[in-house]
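The lines below spell out each chain.
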Amino acid sequence: MAFEGLSEKLSRAFKRLTGKGKLSEKDVKDAMREVRMALLEADVNFLVVKDFIKKVSSRAVGQEIMESLTPGQQVIKVVNEELTQLMGGTLSKISFSPKLPTIIMMVGLQGSGKTTTAGKLGNYLKGQGKNPLLVGCDVYRPAAVEQLKQIGDKLSIAVYYEKDNKDVKSIADASIKYAVSHNHDVVIIDTAGRLHIDEVLMEELEETKRAVQPTEVLLVVDAMTGQDAVTVAQSFNDKLGIDGVVLTKLDGDTRGGAALSVKAVTGKPIKFVGVGEKLDDLEPFHPDRMASRILGMGDILSLIEKAQANIDEKKARELEKKIRSQQFTFEDFLDQLQQLKNMGSLSHILDMLPGIGGKKLKGIQLDDKQLLRVEAIINSMTIEERQNPNLLNSSRKKRIAAGSGTSIQQVNRLIKQFQDTKRMMKQFGSMDMKGKKGKIKFPF
Amino acid sequence: MKGFLKKVDIFDKLKKSLSKTRTGITDRIEQLVSYYKNIDDDFFEELEEILITADVGVQTTLRLVEDIEQEVRAKKIGQSDLVKELLKGKMLDILRKGSDGSWQDKFPKVLLIVGVNGVGKTTTIGKLAKLYKDDGRKVLLAAADTFRAAAIEQLEVWGQRVGAEVIKQSKGSDPGAVVFDAVHASKSRKADVLICDTAGRLHNKKNLMEELKKINRIIDREWPEANKEVLLVLDATTGQNAISQAKTFKEAVDISGIILTKLDGTAKGGIVIGINSELNIPVRMVGTGEGVEDLQPFDAQNFVEALFS
Ligand SMILES: Nc1nc2c(ncn2[C@@H]2O[C@H](COP(=O)(O)OP(=O)(O)O)[C@@H](O)[C@H]2O)c(=O)[nH]1
Ligand SMILES: [Mg+2]
């Protein structure tokens, strides 16, 4: 199937490896064919994939299989480690200039999300106590400056622009002087989207860069970009020199293989990711999370880590925190159901969680019809009700049932399922994290 | 095809904009052809990679290559250059299956333009409006992206550029209400074409997709006699996610066609083949730049010819 997830693919590939004592060349080769296809499906550039497979294969072949791992787990461990390393190893941040102001220039293709990201970044830095200035240098796209102005207004961040000036370099230049005289310590320059092969417009960027000497040039890349991501990133980096990448629209359902491609060809760190349309939907980049997203295995990878002989306590605590910190509301519940549905094989994943067999969650086994009903019910709740299920007295339940075209029994059942899940999340969060090793059943 | 579609020199413009794609794929296939004297497994694997690099997608690529492999074996084809012809034919089959060319010149017409963020919806609307205006039609635009900052202003600039009235309300208002107004304005002003802009939305956002369904229903309800097209705008730079986009938008609002933008870049646009093969949605137009003229009708024959000529 076209939309088969990577995790199923990998499971299938690694199933064939089960039961063998050592990773042979053939084992690894077979598995790697699946990994290759899966990475390509995730939009990782084919050259990058080729390179990656070569590296991982040579590392995996002949490897001692750790006592507590199956051969399949051993391979996925290597795959994940290499992937994380390729993604950049550690988290990197914006660098600030010792000489004020720090100047950040946003560049990228049309429609990648530069203007919104400029606003988000301003907001992020403002939250860190900076006094940013946004600069509207997209003089081409209709209403682009107006868009930046409205974003600035909303965030109470100053915006510098020049109404009838089309000379980008001079606007940028003047904005720096303005920033200095108005005590702005960070300047964020929004530029027009352009094709990497548009010589005139690329030259304009180079000129602007020479003029203002930015501290950071950030390339904004749409996470949904396909194979061409390497060409784009390489061109911008060669012609302009970039310092980092912002990956946008990660709130979509793309696997985001472009992240790997861009990192691999430029060597420049991905510094932030955009995860929504709201102006605070900007997060620092976590290479390990991105690696597991591209691999499609999420926290299961953490569970593998946990299963190893030398369990890393710190990581386990992180996982625990992740699970515990979920302020679990009906909205989250719906969200989770949808996510699980997208992952395809719910029971598969549940099987892997310690102490929670697929059976226990039978009540929320998903078929589409059920999910629709659940959605209808939750959509009929008020926002307060979704956040605070205790409000749901019988008259409210009656209203919800009527509003969603369901029965009170169905509403009750959903509430019970929600509470069960919530309890289980808690249980999962608290169990087994304090040194005791759980029995973890892996499907491969 | 009638009307404005005749006025543009489809073949030339498309060819020009696809030259990079063409050079890419063709060069590499030529290379292959001369390199491989015999058709062996490596040959097919390389062929796979060429298609994948063009964003055709793993599944479609595998299917195409397997088909060809079988045919090659069955017909005992010994020359690798014949494989190129076979591949061309297969791609054309897939594209033809999707593009039935039924973009009708029936008026009044409502176009609902949908897609994820930043793909080029508003710009494409400007270009479409221009085509219809040049064809002597009365065109109205509905500013139903009430969400993104300055989206209304952006559409207004396009409206002024091409001389089309924009029906709007204030930012943050209900997009359904804007479309409702626009439909009634179109009726009373006897417009030939109403083009509705919508906010970009990621297809996995349930609420936003519901909103879109509602807009779609309002058009059906308020103007059932109009000839409606729901057009999905796809960015040629997008990878495999475009298939998921097409699938989900189709489920929600029954997409009747695709407009593929940004073919003036280096992205290959091969995703169109993947989409047609899986979903059967015809590609109607292609965007090849930011200018008002940079929109051409899509033609499967020309598309493939341009890829391989
Ligand atoms: N190079 C190129 N840019 C395009 C094309 N179509 C749209 N754009 C640009 O893509 C960006 C986003 O377009 P816009 O219409 O605002 O997208 P929307 O968010 O979908 O409405 C703008 O900078 C457009 O000028 C195209 O065919 N080629
Ligand atoms: Mg728009």
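A. Here's a closer look at the interface of chain A and chain B. Across the contact, 39 residues belong to chain A and 48 residues belong to chain B. When the two sides are added together, the surface that chain A and chain B hide from each other amounts to roughly 3900 Å², 55% of it contributed by carbon and sulfur. Summed over the shared surface of chain A and chain B, the result is two salt bridges. Between the two partners, chain A and chain B, sit 19 residue pairs in polar contact (both at pLDDT 80 or more). Going through the elements one at a time, helix H2 (25–41), helix H3 (46–60) and helix H6 (144–155) of chain A are the ones with two or more residues in the side of chain A that touches chain B. A total of five residues in the side of chain A that touches chain B trace back to one element, the largest contributor, which is H2 of chain A.

B. How the structure looks around the sheet that holds strand E3 (residues 158–160) of chain A. All names here are of chain A. Taking strand neighbours across the sheet as the criterion, the eight strands line up as E3-E2-E4-E1-E5-E6-E7-E8 in an open arrangement whose pairing is mixed. Here the strands that pair on one side only, and so sit at the sheet edges, are E3 and strand E8 (282–284). Here the strands of the sheet are splayed against their neighbours by 25 degrees on average, with no regard to which way each runs. Where strand E7 (residues 270–274) meets E8, three bridges bridge the pair, whose relative direction is antiparallel. Residue Val 273 lies in a different strand from E8, and its bridge partner there is Glu 283. Running over the sheet, helix H7 (residues 168–181) touches strand E1 (102–108), strand E2 (132–137), E3 and strand E4 (186–191) and is turned about 165 degrees from E2.

C. Looking closely at helix H8 (residues 175–188) of chain B. Residues and elements named next belong to chain B. The terminal C-alpha atoms of H8, which comprises 14 residues, lie 20 Å apart, in line with the 20 Å expected from a rise of 1.5 Å per residue. Taken together, the buried positions of H8 are occupied by Pro 175, Gly 176, Val 178, Val 179, Ala 182, Val 183, Ala 185 and Ser 186. Residues of H8 that are buried make contact with strand E2 (139–144), strand E3 (165–167), strand E4 (193–198) and helix H9 (206–222). For H8, the capping residue at the N-terminal end is Asp 174, with a side-chain oxygen 2.9 Å from the backbone nitrogen of Gly 176. Trailing H8 by a residue or two, Lys 190 shows a phi angle of about 55 degrees, which is positive.

D. Representation of the domain arrangement of chain A in the model. Residue and element names in this part refer to chain A. Here the domain parsing of chain A yields domain 1 (4–86), domain 2 (102–297) and domain 3 (303–429). With 18 residues of domain 1 at the contact, the number on the domain 2 side is 22 residues. At the boundary of domain 1 with domain 2, total buried surface from both sides reaches about 1600 Å², with 68% on carbon and sulfur atoms. Along the contact surface separating domain 1 from domain 2 lie zero salt bridges. At the boundary of domain 1 with domain 2, the tally comes to five residue pairs in polar contact (both at pLDDT 80 or more). Mapped by element, the contributors of at least two residues to the side of domain 1 that touches domain 2 are helix H1 (6–15), H2, H3 and helix H4 (71–87). Looking at which element gives the most residues to the side of domain 1 that touches domain 2, the answer is H4, with six residues. Per-class residue counts for the side of domain 1 that touches domain 2 are 12 nonpolar, five polar and one charged.

E. How the structure looks around the pattern of salt bridges. All told, the structure shown has 28 salt bridges over all chains when counted by the stated rule. Note that Arg 399 of chain A and Glu 385 of chain A form a salt bridge whose closest N and O atoms lie 2.9 Å from each other. Of this pair, Arg 399 of chain A sits in helix H18 (residues 394–404) while Glu 385 of chain A is found in helix H17 (residues 383–387), placing the two residues 14 residues apart along the sequence. Measuring nitrogen to oxygen at the nearest pair gives 2.6 Å for the salt bridge that ties Glu 71 of chain B to Lys 90 of chain B.

F. Expanded view of the sheet that holds E3 of chain B. All names here are of chain B. With mixed pairing, eight strands are arranged side by side in an open sheet as E3-E2-E4-E1-E5-E6-E7-E8. Each end of this open sheet is capped by a strand with a single partner; those strands are E3 and strand E8 (295–297). Strand-to-strand twist in this sheet, taken as the mean axis angle between neighbours without regard to direction, amounts to 25 degrees. Lying on the sheet, helix H6 (residues 121–134) is in contact with strand E1 (109–114), E2, E4, strand E5 (227–235), strand E6 (257–261), strand E7 (283–287) and E8; it crosses E4 at an angle near 170 degrees.

G. Molecular detail of the site of ligand 1. In the vicinity of ligand 1 there are 20 residues, among which Lys 121, Thr 122, Thr 123, Asp 264 and Glu 290 of chain B approach most closely. Of the chains in the model, those with residues near ligand 1 are chains A and B. At 2.6 Å, a side-chain N or O of Thr 123 of chain B approaches an oxygen atom of ligand 1. Between ligand 1 and the protein, one listed contact pairs an oxygen atom with a backbone N or O atom of Lys 262 of chain B at 2.9 Å. Top element by residues in the shell around ligand 1 is H6 of chain B. It accounts for four residues. Looking at the shell around ligand 1 residue by residue, the class counts come to two nonpolar, 11 polar and seven charged.

H. Geometry of the nonpolar core. Formed by 93 residues in total, the largest nonpolar core has its most connected members in Leu 141, Leu 194, Ile 195 and Ile 275 of chain B. Considering every element that reaches this core, the biggest residue donor is helix H5 (residues 80–98) of chain B, with seven residues. Among all residues touching Leu 194 of chain B, those that are not within four sequence positions of it are Lys 109, Val 110, Leu 111, Leu 140, Leu 141, Ala 142, Ala 182, Val 183, Ser 186 and Trp 223 of chain B. Counting residues in hydrophobic clusters, the runner-up holds 69 residues, among them Val 49, Ala 60, Val 78 and Met 202 of chain A.

I. Region of interest: the environment of Ala 264 of chain A. Position of Ala 264 of chain A relative to the elements: it lies in helix H10 (residues 257–266). The spatial distance from the C-alpha of Ala 264 of chain A to the C-alpha of Asp 51 of chain A is 9.8 Å, given a sequence separation of 213 residues.

J. The arrangement of the packing of aromatic side chains in detail. Taken as a whole, this structure holds four aromatic pairs over all chains when the rule is applied. Between the aromatic rings of Phe 43 of chain B and Phe 44 of chain B, the centroid separation amounts to 5.5 Å while the plane-to-plane angle is 80 degrees, which identifies the pairing as edge-to-face. You can call Phe 43 of chain B buried: its relative accessible area is 2%. Between Lys 130 of chain A and the ring centre of Phe 96 of chain A, over which it is positioned, the NZ or CZ distance is 4.0 Å. The ring of Phe 107 of chain B has Lys 109 of chain B lying over it, and the distance from NZ or CZ to the ring centre is 5.5 Å.

Rules used in this analysis
- Residues numbered from 1 in each chain as written.
- Chains lettered and ligands numbered in written order.
- Predicted model: local features only at pLDDT ≥ 70, side-chain atom pairs only at ≥ 80, totals over all residues.
- Heavy atoms only, no water.
- Contact = heavy atoms within 4.5 Å.
- Buried area = accessible area lost by both parts, 1.4 Å probe.
- Salt bridge = Lys/Arg side-chain N within 4 Å of Asp/Glu carboxyl O.
- Polar contact = N/O pair within 3.5 Å; in protein donor to acceptor, adjacent residues only side chain to side chain.
- Helix = DSSP H or I, 4+ residues; strand = E, 2+ residues; numbered from the N terminus.
- Pairing = 2+ DSSP bridges.
- Axes fitted to C-alpha atoms, helices over the stretch in contact; angles between N-to-C directions.
- Expected span 1.5 Å × (residues − 1).
- Buried < 20%, exposed > 50% of the residue type's maximum accessible area, 1.4 Å probe, protein only.
- Domains from an automatic or database assignment.
- Nonpolar A, V, L, I, M, F, W, Y, C, P; charged D, E, K, R; others polar.
- Near = heavy atom within 4 Å.
- Core = buried A, V, L, I, M, F, W, Y, C linked by side-chain atoms within 4.5 Å.
- Phe/Tyr/Trp six-rings, centres within 6.5 Å; stacked < 30°, edge-to-face > 60°.
- Lys NZ or Arg CZ within 6 Å of the ring centre and 35° of its normal.

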